[in-house]
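Survey of secondary and tertiary structure
The residues making up each chain are set out below.
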Amino acid sequence: MEEIQRLLGTRSGFLKAFWDESKRRLREYGVSVQEDVYNYLDGICKETFGESRFPSYGAFRKYRDRKVNK
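Calculation rules
Residues numbered from 1 in each chain as written. Predicted model: local features only at pLDDT ≥ 70, side-chain atom pairs only at ≥ 80, totals over all residues. Heavy atoms only, no water. Helix = DSSP H or I, 4+ residues; strand = E, 2+ residues; numbered from the N terminus. Rg over C-alpha atoms; globule rule 2.2 N^0.38 Å. Buried < 20%, exposed > 50% of the residue type's maximum accessible area, 1.4 Å probe, protein only. Contact = heavy atoms within 4.5 Å. Salt bridge = Lys/Arg side-chain N within 4 Å of Asp/Glu carboxyl O. Expected span 1.5 Å × (residues − 1).

A few words on the overall build of the protein. Assigned secondary structure in the protein consists of four helices and zero strands. For the protein, the sequential pattern of α-helices and β-strands runs α-α-α-α. A compact globule built from 70 residues would reach a C-alpha radius of gyration of about 11 Å, and the protein, at 12 Å, matches this within 12%. The dimensions of the protein, computed from C-alpha atoms along their principal axes, are 30 × 30 × 20 Å. Within the span of the protein, comprising 70 residues, buried residues form 33% of the whole. When contacts within the protein are restricted to residue pairs at least 6 apart in sequence, long-range pairs at least 24 apart make up 51% of them.

With that out of the way, let us pick up the pattern of salt bridges. The full count for this structure, using the stated rule, is seven salt bridges. A salt bridge links D20 to K16; the nearest nitrogen and oxygen atoms lie 2.8 Å apart. Of this pair, D20 and K16 both sit in helix 2 (residues 11–29), four residues apart, which is roughly one turn of that helix. Given a relative accessible area of 36%, D20 falls into the partly exposed group. Residue class for K16 comes out partly exposed when judged on its relative accessible area of 43%. A salt bridge links D65 to R64, with the shortest nitrogen-to-oxygen separation between them at 2.9 Å.

Looking now at helix 2. The terminal C-alpha atoms of helix 2, which comprises 19 residues, lie 26 Å apart, in line with the 27 Å expected from a rise of 1.5 Å per residue. All of the buried residues in helix 2 are G13, F14, L15, A17, F18, E21, S22 and R25. In the stretch just after helix 2, G30 is the one whose phi turns positive, near 80 degrees.

The quantities given are spatial measurements derived from coordinates; they are silent on function.
In structure tokens form, the structure reads like this:
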């Protein structure tokens, strides 16, 4: 848990944690719902830092899509 908390300290770290968690869920459960992964990580952010890293899932998607297309 400590590593994931460290990653969630930055937007780029949040994105890495998002892809790592998505891959883990896909491997373990055969499915990964991206909004569920976002909500899970956002919950950890709120617990750890007292605030969300992104204002909404939509804002995160825009950030994610910009990074993927670079």
